[in-house]
Amino acid sequence: MAYGRLDIFVPDGPIQTFPLAETTVSVGRSAGNTIVLDNNTISRYHFSLTYANKQVFLTDMDSANGTYLDGVKLPGNERRQLMDGDEILIGNLRIIYHEVDDTPTVRLDPLEDTTQRIEMALTNFYIDLQGPGQSVAPGAHISAELSITNTTDTDERYKVEVSGPPEDWVRIDRPTPLVAAGETSFILVNFKPRRHSSSKPGDYDVRVRVFPKNEPKDVLEARLTLTVLAYSGFSIQLDKNDVEAGERFRITVENTGSAELPLSLRGRDPNSELAFRLANTRFTLGPGQQRVIEGEVRSRKSVLVGSPRRYAFDLLAQSHNHAAFTIPLRGHVTVKPSLPVWTLAALASGLAIVALIALVVLASLLNAPPPPQPVISELTVNSTLVARGEVLEVSWQATDVTTLNLSLNGTPVAIEADPQRVSVNVDTTDLNGDVEVRLEGHNGELSDIRSTTIQVYEPMSVERFEVMPAQMVRYVIQPLSVNWEVPGAVSTRVVGLENFTAETIAADGPSGASESILGIPTDPLVLRLIAEDAFGNMLESRVTVNMVNPECVPASGAVRVFAGPGPAHQVVGTVPEATIINVDARDNSGGWLRVIGLPGGLSGWVTAATVDCMDSFNINDLRIDANAPTPPPTATATLSPTPTVIITPTSTMAVPTLAPPTLVSQFTPSG
């Protein structure tokens, strides 16, 4: 019987699934593994799984590129326990481990009810929903507990429906429970967001609806908030693992996580013998987004004669978030000499001839010509626009050069005394503005000079982004103040207040402030400060303003709840003493408050004088419900006049028959 499975995600390929039933499972390229993966980015024997005492352990088998468990590289031959939903990264493969549990669901004993709730008198059952109380990461499980109490004297079958999050996230252990008369039944609602880039992080409004199957119109609804966390992950793939020097290759980088991910890409070889050119080294990918980057690799030293040489190199992709996860991708480059090997034999044969000729022309050699003119044929930089602190790569092509001198605005840059060197990386921390990059090549007293100009600019940084207050009360008119400072920006704006105010917050410069913006919040405000510099670079920072509910409690004893603002409306329930209630509006007079969140999603009205409200808001600042229900019409009964009986004599003197009088009742709505 299988105890788990592995789902393997191949870049631009199908998902492979392997059930796990053996106590020891090995994974790698070699045919001797339990699971064989034809992929040249992993080792012949990469990692193993061990099943013992109903636990699964992962061990990296000293693989070349390492095994990463949820973004953390594992030490070789050291086992770690696997949990359901864990992510394993090897090479360019992403693997998700899933547990398999064939144990039947066990009915839970009722928990002691410690929550305060409002009981409605007009229903024949009631429900209680206990939320999960914590966030859940994609691939993990979390549960909410629903209780259904049947208050009738007959057994009843109910139906449970859940809406809000995607359907494949939700599983109800008993969607149609049978509840005995006067009893309470407990149902588990399980949530498991998919570990996929489409699982957007944030709060999901979950609605749980319960109704008798034979009375589908008699519905109670409860709501909870499911908070889904973000997770990070990415993959990298090289279209050619073996290239020739100067040959173009393409690197595909994909964000497999559920949040934006800043990444960088660079090349590395063991002995620093290679020079890399990549079209883009820093970028940000959205969830599920891919980017293809072109590049090439060359030898730093030119080889004139000899055999082709094959060099190993690594392309390193690194995430710039809290995980700082790095994926290495191994490749090889073949560098061919300018002249083939057979030229050595020809050269050896010619040396003898040259030696003879040298004796003849020795005298003429005493008057040898001057050394050749050094030539710098190319001077390039990886970018002419560089943020201060970023690495500037300077590359060149030169011939007949014995020494090279590089300077930035006249300041020498130390480089190795190697005329075959073709590039150098320069730190720009101490540079600013226009910078002249100047390269001088010398051969004896002869020289050649090339120069180019770059611009080093100050990158933007958010020094201040303040929002006051940090917490607001729902449904209440209140002010909000925002101020910010982003050095290096030429324009700034704040977005995220669309549901709070119509006012636009922006500034033509690095700083700005908006004081006392009035609005009525209903949900948490996520304010985003977006700054742009003169070069089109964007920078974003976020601040969340949390919300609390406007809460009240009965001032003394139980409080009656009416269907509308006024005692003429029907009483729909009562709020027990010391029970916390949420209000969201008042009527025009300010004497009545609307209560929300009653069982079944119902609402009602209480008089303001009968409740005490929290100090964080004034009931006079609550929003006004202009469409509040009006009092129902009153009815009066009016009797019709007493009927009159008329007897008409006939020639036969028949005895008259009288019909009984009729009472007519009329109801006239009172003015």
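Scroll up a little and you will see the structure.
Here is what the cut-offs are and how they apply
Residues numbered from 1 in each chain as written. Predicted model: local features only at pLDDT ≥ 70, side-chain atom pairs only at ≥ 80, totals over all residues. Heavy atoms only, no water. Helix = DSSP H or I, 4+ residues; strand = E, 2+ residues; numbered from the N terminus. Buried < 20%, exposed > 50% of the residue type's maximum accessible area, 1.4 Å probe, protein only. Core = buried A, V, L, I, M, F, W, Y, C linked by side-chain atoms within 4.5 Å. Contact = heavy atoms within 4.5 Å. Lys, Arg positive; Asp, Glu negative; His and termini not counted. Salt bridge = Lys/Arg side-chain N within 4 Å of Asp/Glu carboxyl O. Polar contact = N/O pair within 3.5 Å; in protein donor to acceptor, adjacent residues only side chain to side chain. Phe/Tyr/Trp six-rings, centres within 6.5 Å; stacked < 30°, edge-to-face > 60°. Lys NZ or Arg CZ within 6 Å of the ring centre and 35° of its normal.

Caption draft 1: Seen up close, the overall build of the protein. Helices and strands together make up the secondary structure of the protein, namely two helices and 53 strands. When burial is assessed residue by residue, the protein has 39% of its 671 residues classed as buried.

Caption draft 2: Spotlight on the nonpolar core. If you look at the biggest cluster of nonpolar residues, it comprises 28 residues, and the most contacted ones within it are F234, I236, F249, I251, V253, L265 and V297. When residues of this core are traced back to their parent elements, those giving at least two are β20 (234-238), β22 (249-255), β23 (261-268), β24 (274-278), β25 (282-285), β26 (290-299), β27 (309-319) and β28 (326-335). Not counting residues within four places of it along the chain, the set of residues in contact with F249 comprises L238, D239, V243, L278, I293, E294, G295, E296, V297 and L315. Membership of the second largest hydrophobic core comes to 25 residues, among which are A144, L146, V160 and A222.

Caption draft 3: Up close: the environment of T41. Looking at where T41 falls in the secondary structure, it is placed in the loop between β4 (35-36) and β5 (47-52). On a C-alpha basis, the gap between T41 and R330 in space is 7.2 Å, while along the polypeptide they are 289 residues apart. Among all residues touching T41, those that are not within four sequence positions of it are N65, G91, N92 and L329.

Caption draft 4: Representation of the side chain of D60 in the model. Mapped onto the elements of the fold, D60 is located in strand β6 (residues 55-60). No salt bridge is formed by the buried D60, whose closest oppositely charged neighbour, K73, lies at an N-O distance of 7.4 Å. A distance of 2.7 Å separates a polar atom in the side chain of D60 from a polar atom in the side chain of S63.

Caption draft 5: How the structure looks around the side chain of N150. Mapped onto the fold, N150 is located in strand β13 (residues 142-150). A polar atom in the side chain of N150 sits 3.3 Å from the backbone oxygen of V179. Sequence-distant contacts of N150, that is, excluding residues within four places in its chain, are made with N124, F125, D155, E156, Y158, V179, A180, A181, G182 and E183.

Caption draft 6: Structural view of the pattern of salt bridges. According to the stated counting rule, one finds 24 salt bridges in the structure shown. Residue K336 is joined to E244 by a salt bridge in which the shortest nitrogen-to-oxygen separation is 3.3 Å. Note that K336 is positioned in the loop between β28 and α1 (342-360) and E244 in strand β21 (residues 242-244), a separation of 92 residues in sequence. Judged by its relative accessible area of 52%, K336 falls in the exposed class. Notably, a salt bridge pairs R388 with E458, separated by 2.7 Å at the nearest N-O pair. Residue R388 is located in the loop between β30 (385-387) and β31 (391-399), and its partner E458 is located in the loop between β36 (446-457) and β37 (464-468); the two are separated by 70 residues in the primary sequence. Residues joined by salt bridges that share partners form a network here, namely K159, E161, R209 and E221.

Caption draft 7: Quick peek at the packing of aromatic side chains. The full count for this structure, using the stated rule, is seven aromatic pairs. The interplanar angle of 50° and the centroid separation of 5.0 Å between the aromatic rings of F125 and Y158 together place this pair among those described as tilted. With a gap of 33 residues between them, F125 in strand β12 (residues 125-130) and Y158 in strand β14 (residues 156-163) connect regions that are remote in the sequence. Members of the aromatic cluster, each reached through a chain of ring pairs, are F249, F276 and F313. Lying across the ring of F57, R79 places its NZ or CZ 3.8 Å from the centre.

Caption draft 8: Quick peek at unusual backbone geometry. For the bond running from M468 to P469, omega is 0°, close enough to zero to count as cis. Note on placement: P469 falls in the loop between β37 and β38 (471-473). In this structure, N77 is a non-glycine residue whose phi angle is positive, near 60°. Within the element layout of this structure, N77 appears in the loop between β8 (72-73) and β9 (80-82). The phi dihedral of D400 is positive, around 55°, even though this residue is not glycine.

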